[in-house]
Amino acid sequence: MKLSWQVLQDLEKKYGECFYLLDLSKFQQNYTQFLDCFRSIYPNTNIGYSYKTNYIPKICKSVFELGGYAEVVSQMEYDLAIKIGVPPSRIIFNGPLKYTQDLEQAVLAGSIVNLDSLQEVQIICELAQRLPTQQILVGLRCNFDIGTDRISRFGLDVEGGDLDYIFKRFAELGNCQVRGLHCHFNTEQRSLESYALRTKKIIETTDRYFPDRSPEYIDVGGGYFGQMDDNLRKQFDFDIPTYQEYAQVIATQLKQRFAGSIQPELIIEPGVALVANVMKFVGKVVSLKTMRSRHLALVTGSIHTVKPSKQLPLTVYKNELDNARIESHTPIDLVGYTCMEHDCLYPEYPVPVSIGDYTVFDNVGAYSIVFKPPFIWPSPPIVSYDSTLNLYTLARRQETTQDVFATYEI
Ligand SMILES: Cc1ncc(COP(=O)(O)O)c(C=O)c1O
């Protein structure tokens, strides 16, 4: 994607003064690279792309075309996968809240369903009793100690005996089987040590509960860092692992453990790692002001559109054609459209800006559009870039006032 002030001006004429840019080829490239790193060590690996991280249907379709699973955590996301043509067998249904009907339907349709609680186990047992001739297959999300400060609230308590109970109960029923084990832990540092430990623990759990057969799959969840430029990388006070390093600590353990026996499928569930760097946000500078010693530029975006947990990489495209443009003083705070004082997209930007410049924030692909509230302004459109055709097309139109208020009684 080669951007310039003129390209952005042409896009503005079509899509308005703020929009997201999605680079689908970059997503496909990340997907392939991440998977290749794992497959070069453990060939039976597949990706379950985490829909919640960014569920633009174009991305989700691309995952299906690349052979990946849809990793969903609600019926809303499950319905989206079905709507874009993903067969139930290519959907992994995780998450703490699955209603009985949804859970039963997904299991009977052949989706990979990882149960999160003993209540869900009970629903499955009742289904098995109702349908005694039906073979019921489910997965279990495991919760064990990986040294986090806070005890995770998800999954089943392995050390507390939940799995002992479930395997015993399923054996009594006769028509219920555990097809695979899953885990996912969110940690701030997303470190290699943590992935090494969770993989070791899930393999140990598998050894304990599958003494005479291999499970169909071992799913080690998501939570990996993606690729980032040096400026962003420097803002973390710990090392950011590469795709290859994650593969090394996870896939190598499976390779060693299952050498010479039936190799279960290794499932990984990246979201951030594949999608963070595939979206940019474009906002226009629409006004300048100086408040005593503070210089401010208003941009047609907000912290709700870019969700900056770090200072995001920023490129400003200046209108070089406008000889009469007035340049701001510096340093200048690039502030957003909301009424919140803290709505600052870039504090103390060191270079002058002018009205009509475009600010382009990078790395806004993860947990951005899915977390954008209808606060003060509706959501901007998403424009998708096709690098083979050098073509921009709409992935999501501009949200309207009517869209925002459609569900209210007026
Ligand atoms: C079960 C599960 N898998 C995968 C993910 C994806 O995590 P990330 O986007 O950090 O890779 C999440 C995120 O919370 C999750 O809950």
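In every chain, residue numbers begin from 1 and rise along the written sequence. Reporting in this predicted model follows two pLDDT cut-offs: at least 70 for local features of residues, and 80 or more for side-chain atom pairs to be given and counted; totals over whole chains, interfaces and linings ignore these cut-offs and use all residues. For side-chain calculations, the full set of non-hydrogen atoms in the structure is used, while hydrogens and water are omitted.

**Remarks on the overall build of the protein**
- What counts as a helix is a DSSP run of H or I of at least four residues, what counts as a strand is a run of E of at least two, and both are numbered from the N terminus. Tallying secondary structure elements over the protein gives 13 helices and 18 strands in all.
- All radius of gyration figures rest on C-alpha atoms, and the globule criterion is 2.2 Å times the number of residues raised to 0.38. Scaling as 2.2 N^0.38, a compact globule of 410 residues should have a C-alpha radius of gyration of about 22 Å, and the protein matches this with 24 Å.
- Its C-alpha atoms put the protein at 80 × 50 × 45 Å along the principal axes.
- Any residue under 20% of the maximum accessible area for its type is buried, any over 50% is exposed, and the rest in between are partly exposed; the area is computed with a 1.4 Å probe on protein chains only. For the protein, buried positions account for 53% of its 410 residues.
- Within the protein, contacts between residues at least 6 apart in sequence are counted, and of these 69% link residues at least 24 apart. We call two residues in contact when some of their heavy atoms are within 4.5 Å.

**Looking at the packing of aromatic side chains**
- The rule is short: rings of Phe, Tyr and Trp, with Trp giving its six-membered ring, pair when the centres are within 6.5 Å, and they are stacked under 30 degrees, edge-to-face over 60, tilted in between. With the rule as written, the count across this model stands at 23 aromatic pairs.
- Where Tyr49 meets Tyr51, the ring centres are 6.3 Å apart and the plane angle is 50°; that geometry is what we call tilted.
- With a centroid separation of 5.0 Å and 25° between ring planes, the pair formed by Phe167 and Tyr209 is classed as stacked. Here Phe167, found in helix 7 (residues 162-173), pairs with Tyr209, found in helix 8 (residues 192-209); they are 42 residues apart in sequence, far enough to count as distant.
- The buried category is assigned to Phe167, whose relative accessible area is 19%.

**With respect to the site of the ligand**
- Around the ligand, 17 residues are found, and the nearest of them are Gly223, Glu269, Gly271, Val272 and Tyr367.
- Under the rule applied, a polar contact is a pair of N or O atoms within 3.5 Å (in protein, one hydrogen donor and one hydrogen acceptor; residues adjacent in sequence only if both atoms are side-chain atoms). A distance of 2.7 Å is found between a nitrogen atom of the ligand and a side-chain nitrogen or oxygen belonging to Glu269.
- Tyr367 places a polar side-chain atom, nitrogen or oxygen, 2.7 Å from an oxygen atom of the ligand.
- Accessible surface is estimated by sampling points in the Shrake-Rupley manner with a 1.4 Å probe; for residues, cover comes only from the protein chains shown. Burial of the ligand by the surrounding chains reaches 92%, relative to a free accessible area of 390 Å². To be near a molecule or strand, a residue needs just one of its heavy atoms within 4 Å of it.

**Focus on unusual backbone geometry**
- In this structure, the amide linkage connecting Thr330 to the following residue, Pro331, adopts the cis form with an omega of -10°.
- With respect to the secondary-structure elements, Pro331 resides in the loop between strand 13 (314-317) and strand 14 (332-335).
- You will see that Lys307, though not glycine, has its phi angle at about 50°, which is positive.
- Take Lys307: it is sitting in the loop between helix 12 (303-306) and strand 13.
- Accessibility expressed as a relative area gives 28% for Lys307, which makes it partly exposed.

**Here we look at the domain arrangement of the protein**
- Splitting the protein by domain gives domain 1 (5-21 + 277-405) and domain 2 (25-275).
- Using only C-alpha atoms to locate each centre, domain 1 and domain 2 end up separated by 35 Å.
- On the side of domain 2, 19 residues touch domain 1, which itself brings 18 residues to the contact.
- Summed over both partners, the accessible area lost on bringing two parts together, with a 1.4 Å probe, is the buried area. Across the domain 1 to domain 2 interface the summed buried area is about 1,600 Å²; carbon plus sulfur atoms make up 58%.
- For domain 1, the biggest contributors to the area lost against domain 2 are Asn277, Val278 and Lys310; these three give 34% of the whole.
- One speaks of a salt bridge when a side-chain nitrogen belonging to Lys or Arg is within 4 Å of a carboxyl oxygen belonging to Asp or Glu. Joining domain 1 to domain 2, the criterion identifies zero salt bridges.
- On inspection of domain 1 and its partner domain 2, the count reaches seven residue pairs in polar contact (both at pLDDT 80 or more).
- Going through the elements one at a time, strand 17 (382-386) and strand 18 (391-396) are the ones with two or more residues in the side of domain 1 that touches domain 2.
- Per-element accounting of the side of domain 1 that touches domain 2 gives the leading share, three residues, to strand 18.
- Residue classes follow a fixed rule: Ala, Val, Leu, Ile, Met, Phe, Trp, Tyr, Cys and Pro count as nonpolar, while Asp, Glu, Lys and Arg count as charged, and any other residue, Gly among them, counts as polar. Grouping the constituent residues of the side of domain 1 that touches domain 2 by class yields 10 nonpolar, seven polar and one charged. Residue ranges assigned to the domains are those given by an automatic or database domain assignment.

**Considering the layout of surface pockets**
- If you add up the space inside the largest pocket, you get close to 1,300 Å³.
- Grid spacing is 1 Å over the protein atoms alone, the probe is 1.4 Å, and a cavity is where that probe fits but cannot get out, while a pocket is an open set with protein on both sides within 12 Å along at least five of seven lines and lining residues have an atom within 4 Å of a point. Asn186, Thr187, Arg190, Val272 and Tyr367 are the residues nearest the centre of the largest pocket, which is lined by 47 residues in total.
- In the lining of the largest pocket, the residues fall into 17 nonpolar, 18 polar and 12 charged.
- Grid points are joined across faces, edges and corners, and a volume is the space filled by probe spheres set on the points. Looking at the second largest pocket, its volume works out to about 360 Å³.
- Along the walls of the second largest pocket sit 15 residues, with Tyr55, Ile369, Ser379, Arg396 and Glu399 positioned nearest its centre.
- Broken down by class, the residue content of the lining of the second largest pocket amounts to nine nonpolar, one polar and five charged.
- Residue assignment places the lining of the second largest pocket across two domains, with domain 1 (5-21 + 277-405) and domain 2 (25-275) each supplying three or more.

**What to know about the packing of helix 6 (residues 118-130) against helix 7**
- With axes taken as lines fitted to C-alpha atoms, and helix axes fitted only over the stretch in contact, angles between N-to-C directions fall between 0 and 180 degrees. It is the contact of helix 6 with helix 7, at a shortest axis distance of 11 Å, that shows an interaxial angle of 5°. When the axis of helix 6 is compared with that of helix 7, the two are roughly parallel. Mapping the contact onto sequence places Leu118, Val121, Gln122, Ile124, Cys125, Ala128 and Gln129 in helix 6 and Asp162, Tyr165, Ile166, Arg169, Phe170 and Leu173 in helix 7.
- Along the lines of polarity and charge, the residues of the contact of helix 6 with helix 7 split into nine nonpolar, two polar and two charged. Our angle categories are set so that under 35 degrees counts as roughly parallel, over 145 as roughly antiparallel, 65 to 115 as roughly perpendicular, and the remainder as oblique.

**A closer look at the environment of Tyr346**
- Along the polypeptide, Tyr346 turns up in strand 15 (residues 344-349).
- Owing to a relative accessible area of 18%, Tyr346 belongs among the buried residues under this scheme.
- Expressed as a C-alpha distance, the spacing of Tyr346 and Ile112, which sit 234 residues apart in the sequence, is 43 Å.

**Some details on the state of the cysteines**
- What counts as a disulfide here is a pair of cysteine sulfur atoms lying within 2.5 Å. The tally for this structure, following the rule as stated, stands at zero disulfides.
- Unpaired in this structure, Cys125 has its nearest cysteine sulfur neighbour in Cys176, at a distance of 5.6 Å.

**With respect to helix 6**
- An expected span of 1.5 Å times one less than the residue number is assigned to each helix. Between its terminal C-alpha atoms helix 6 stretches 18 Å, which fits the 18 Å expected from 13 residues at 1.5 Å a residue.
- Along helix 6, the residues that are buried comprise Glu120, Val121, Ile123, Ile124, Cys125, Leu127 and Ala128.
- On the buried face of helix 6, the contacting elements are helix 5 (100-108), strand 5 (112-115), strand 6 (136-143), helix 7 and strand 8 (176-182).

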